[in-house]
Amino acid sequence: NAGVTQTPKFQVLKTGQSMTLQCAQDMNHNSMYWYRQDPGMGLRLIYYSASEGTTDKGEVPNGYNVSRLNKREFSLRLESAAPSQTSVYFCASSEGGAPLHFGNGTRLTVT
Amino acid sequence: AQSVAQPEDQVNVAEGNPLTVKCTYSVSGNPYLFWYVQYPNRGLQFLLKYITGDNLVKGSYGFEAEFNKSQTSFHLKKPSALVSDSALYFCAVRDKGSGNTGKLIFGQGTTLQVKP
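The notes below deal with the structure included here. (Residues numbered from 1 in each chain as written. Chains lettered and ligands numbered in written order. Predicted model: local features only at pLDDT ≥ 70, side-chain atom pairs only at ≥ 80, totals over all residues. Heavy atoms only, no water.)

### Observations regarding the environment of Pro61(A)
Residues and elements named next belong to chain A.
Next, step 1: With respect to the helices and strands, the residue proline 61 is situated in the loop between β6 (56-57) and β7 (64-68).
Next, step 2: Counting along the chain gives 35 residues from proline 61 to aspartate 26, while the straight-line C-alpha distance between them is 25 Å.
Next, step 3: Once residues lying within four places of it in the same chain are set aside, the contact partners of proline 61 are Ile46 and Tyr47. (Helix = DSSP H or I, 4+ residues; strand = E, 2+ residues; numbered from the N terminus. Contact = heavy atoms within 4.5 Å.)

If you want it as structure tokens, here you go:
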């Protein structure tokens, strides 16, 4: 049972490049989340999806877009990466209420 | 505005001694409160939550937390620390008014170091 799987684990981008972070969960959860983690700031919610076909903005959505492709998958896209988006990104899932299962993260560096 | 504070960047404890990791919160209405643990290069793991009811909440790995409404605190505790408890701990809060969206506000984290 894999839980929440994120790809890639590491990525280096140049300013202005685009990329998509992939997330998949195999627990049949309705809710999925994208967080970013920066030193000394805890985790901040970027976007979340309460169910298949719905998405909503979190605390720091600027510069990001998401797609809830189906119940399993929730992707995060950076259209034009900026150095301020250097961070560790976590995907999470739950049946609702609060994120309970997290992936192992994607470390993104934007130069 | 909602907020969560973890006043200690690091807590050091000797193995076998009791540990406390502090958390205070500020929300409108009654809070939902959570504790998570993060081991190096891993995602967060859910430890426990307080929704309503008994002020002492028991969670995973022998951890418990005490909700104190008058002090707006939700401190994480364990009677006897293990070296393997060394990790980064996060407190988080969700205002009931935000609905069942899972939108949490996280504290900045406290590093727990348990020494043999």
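### Overview of the layout of surface pockets
Next, step 1: Considering only enclosed or pocket space, the largest pocket measures out at about 510 Å³ in volume.
Next, step 2: If you trace the largest pocket, you find 28 residues lining it, with Phe90(A), Asn104(A), Arg107(A), Asn41(B) and Arg42(B) closest to the centre.
Next, step 3: Among the elements of the structure, β1 (4-7) and β9 (87-94) of chain A together with β10 (87-95) of chain B are those that each provide at least two residues to the lining of the largest pocket.
Next, step 4: It is β1(A) that provides the largest number of residues to the lining of the largest pocket, a total of four residues.
Next, step 5: Its residues placed into classes, the lining of the largest pocket shows 11 nonpolar, 12 polar and five charged.
Next, step 6: Counting residues per element, the ones that place at least two in the lining of the second largest pocket are β10 (101-102) of chain A together with β6 (44-50) of chain B. (1 Å grid on protein atoms, 1.4 Å probe; cavity = no way out; pocket = protein on both sides within 12 Å on 5 of 7 lines; lining within 4 Å. Points joined across faces, edges and corners; volume = space filled by probe spheres on them. Nonpolar A, V, L, I, M, F, W, Y, C, P; charged D, E, K, R; others polar.)

### Some remarks on the interface of chain B and chain A
Next, step 1: Contacts between the two partners involve 20 residues from chain B, matched on the other side by 21 residues from chain A.
Next, step 2: Both sides together, the interface formed by chain B and chain A hides about 1600 Å², and carbon and sulfur atoms give 54% of it.
Next, step 3: Where chain B meets chain A, there are zero salt bridges.
Next, step 4: Our count for the chain B to chain A interface comes out at three residue pairs in polar contact (both at pLDDT 80 or more). (Buried area = accessible area lost by both parts, 1.4 Å probe. Salt bridge = Lys/Arg side-chain N within 4 Å of Asp/Glu carboxyl O. Polar contact = N/O pair within 3.5 Å; in protein donor to acceptor, adjacent residues only side chain to side chain.)

### A short note on the sheet that holds strand β3 (residues 19-25) of chain A
Residues and elements named next belong to chain A.
Next, step 1: If you walk across this open sheet you meet the four strands as β1-β3-β8-β7, and the pairing is antiparallel. A single partner strand is all that each edge strand has here, and the edge strands are β1 and β7. Strand-to-strand, the axes of this sheet are offset by a mean angle of 15 degrees, without reference to chain direction.
Next, step 2: In the sheet, β3 pairs with strand β8 (residues 74-78) via three bridges, with the strands oriented antiparallel. Among the inter-strand pairings, methionine 19 is bridged to a residue of β8, identified as leucine 78. (Pairing = 2+ DSSP bridges. Axes fitted to C-alpha atoms, helices over the stretch in contact; angles between N-to-C directions.)

### Details of unusual backbone geometry
Next, step 1: Cis geometry is found at the peptide bond from Thr7(A) to Pro8(A), where omega equals -5 degrees.
Next, step 2: Mapped onto the elements, Pro8(A) comes out in the loop between β1 and β2 (10-13).
Next, step 3: Non-glycine residue Asn41(B) carries a positive phi angle of around 60 degrees.
Next, step 4: With respect to the helices, strands and loops of the structure, Asn41(B) is situated in the loop between β5 (31-38) and β6.
Next, step 5: The residue Thr72(B) is not glycine, and still its phi comes out positive at about 45 degrees.
Next, step 6: Here Thr72(B) is to be found in the loop between β8 (64-68) and β9 (73-78).

### Brief notes about the packing of aromatic side chains
Next, step 1: Per the counting criterion, the structure on display carries 13 aromatic pairs over all chains.
Next, step 2: Their ring planes at 85 degrees and their centres at 5.5 Å tell us that Tyr35(A) and Phe106(B) sit as a pair that is edge-to-face. With one member in each of two chains, Tyr35(A) in strand β4 (residues 31-37) and Phe106(B) in strand β11 (residues 105-106) form a pair that bridges those chains.
Next, step 3: Residue Tyr35(A) is classed as buried on the basis of its relative accessible area of 0%.
Next, step 4: On the basis of relative accessibility, which here comes to 7%, the residue Phe106(B) falls in the buried class.
Next, step 5: Their ring planes at 20 degrees and their centres at 4.1 Å tell us that Tyr50(B) and Phe67(B) sit as a pair that is stacked. Linking Tyr50(B) in strand β6 with Phe67(B) in strand β8, this pair joins segments that are 17 residues apart in sequence. Judged on exposure class, the residue Tyr50(B) and its partner Phe67(B) are both buried.
Next, step 6: Aromatic ring contacts, followed pair by pair, group Tyr33(A), Tyr35(A), Phe102(A), Phe34(B), Tyr36(B), Phe46(B), Phe90(B) and Phe106(B) into a single cluster.
Next, step 7: The cationic tip of Lys78(B) hangs over the ring face of Phe63(B); the distance from NZ or CZ to the ring centre is 5.0 Å. (Phe/Tyr/Trp six-rings, centres within 6.5 Å; stacked < 30°, edge-to-face > 60°. Buried < 20%, exposed > 50% of the residue type's maximum accessible area, 1.4 Å probe, protein only. Lys NZ or Arg CZ within 6 Å of the ring centre and 35° of its normal.)

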